[in-house]
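Given next are the chains, with one letter for each unit.
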Amino acid sequence: YQCDWSSDVCSSDLEYTAKIDGDHLVIAATIRFQQFTHGWVELPLDFGNLSVLRATVNDQPAKLVRRVPAPPKPAVQSAPASKISAPAPAQLVLFHNQVGAATLKLELSTILESVGGDKSARFDLADAPASVLQVDVAANRTMKWFGRTLDRPTPADQPATYRLPRSEEHTSELQSH
């Protein structure tokens, strides 16, 4: 997120740590943010294809909702089937009401799909001016990031930790083989 100083709340940085747990990719997200005004504010979080397992703000339960966008108004003429777009995904929104700095911690999960002998996941992560995805993988496994095989940071017989910079593109494609 770019910090718009006219906003009531602004995130400053995000940290992601992911690990493979059986047939799931589990992601721990830490989001630091600042609330500038009194009263309830909303912080939209652009996560997609991820389930929320746990959420806290400053170690207290977080107030989160998934906001489903309103359906588009029907067109006067019916559009051909090829022109009908899929509905927009629900957006995760944090409600917060305390002025000052705070830390949101999320535990997120998505299913790993089998692709041949590999495990693959596609998901959307929110961005901030500084965000990194750290992925821990078992020994004798390698990682692909957007179709590119990454060099292992450790010998093949040891667990590895990959640190991947986040880009403007929200959708992430991760494959372990």
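Remember, it's a predicted structure, so these values are computed and weren't measured experimentally.

Caption draft 1: Highlighting the overall build of the protein chain. Along the protein chain, the regular secondary structure elements total 0 helices and 15 strands. Taking all 177 residues of the protein chain together, the buried fraction comes to 34%. Excluding contacts between residues fewer than 6 apart, the proportion of contacts in the protein chain whose partners are at least 24 apart in sequence is 73%.

Caption draft 2: Seen up close, the pattern of salt bridges. Across all of its chains, the model carries 5 salt bridges by this definition. As a salt-bridge pair, K119 and D23 come within 2.8 Å of each other at their nearest N and O atoms. Taken together, the positions of K119 in strand β10 (residues 118–124) and D23 in the loop between β1 (9–21) and β2 (24–35) put the pair 96 residues apart, joining distant regions of the chain. Taking the relative accessible area as the measure of exposure, K119 reaches 21% and is therefore partly exposed. Given the relative accessible area of 44%, D23 is considered partly exposed. R54 is paired through a salt bridge with E107; the nearest N and O atoms lie 2.5 Å apart. On the criterion of sequence distance, the pair formed by R54 in strand β4 (residues 51–57) and E107 in strand β8 (residues 100–111) is long-range, its members being 53 residues apart.

Caption draft 3: Representation of the nonpolar core. Y16, I27, L45, F47, L104, L106 and L133 are the most contacted members of the largest nonpolar core, which totals 36 residues. Top contributing element to this core by residue count: β2, with 5 residues. In contact with I27, other than residues within four places in its own chain, are Y16, T17, A18, L50, L106, E107, L108, F123 and L125.

Caption draft 4: Up close: the sheet that holds strand β6 (residues 63–67). Sheet architecture is open: 3 strands sit in the order β3-β7-β6, paired in antiparallel fashion. The open sheet terminates on both sides in strands that have one partner only, identified here as β3 (41–45) and β6. Strand after strand, the sheet turns through a mean of 30° between neighbouring axes, direction not considered. Of the strand pairs in this sheet, β3 and strand β7 (residues 91–96) are connected by 5 bridges, and their pairing is antiparallel.

Caption draft 5: Region of interest: unusual backbone geometry. The phi dihedral of N58 is positive, around 50°, even though this residue is not glycine. Relative to the helices and strands, N58 is located in the loop between β4 and β5 (60–61). Overall, N58 belongs to the partly exposed group, its relative accessible area being 39%.

Caption draft 6: Spatial organisation of the packing of aromatic side chains. Scanning all chains against the criterion turns up 1 aromatic pair. For the ring pair Y16 and F47, a centre distance of 6.3 Å and an interplane angle of 90° mean the geometry is edge-to-face. Of this pair, Y16 sits in strand β1 while F47 sits in the loop between β3 and β4, placing them 31 residues apart in sequence. Assigned by exposure class, Y16 and F47 land together as buried.

Calculation criteria
- Residues numbered from 1 in each chain as written.
- Predicted model: local features only at pLDDT ≥ 70, side-chain atom pairs only at ≥ 80, totals over all residues.
- Heavy atoms only, no water.
- Helix = DSSP H or I, 4+ residues; strand = E, 2+ residues; numbered from the N terminus.
- Buried < 20%, exposed > 50% of the residue type's maximum accessible area, 1.4 Å probe, protein only.
- Contact = heavy atoms within 4.5 Å.
- Salt bridge = Lys/Arg side-chain N within 4 Å of Asp/Glu carboxyl O.
- Core = buried A, V, L, I, M, F, W, Y, C linked by side-chain atoms within 4.5 Å.
- Pairing = 2+ DSSP bridges.
- Axes fitted to C-alpha atoms, helices over the stretch in contact; angles between N-to-C directions.
- Phe/Tyr/Trp six-rings, centres within 6.5 Å; stacked < 30°, edge-to-face > 60°.

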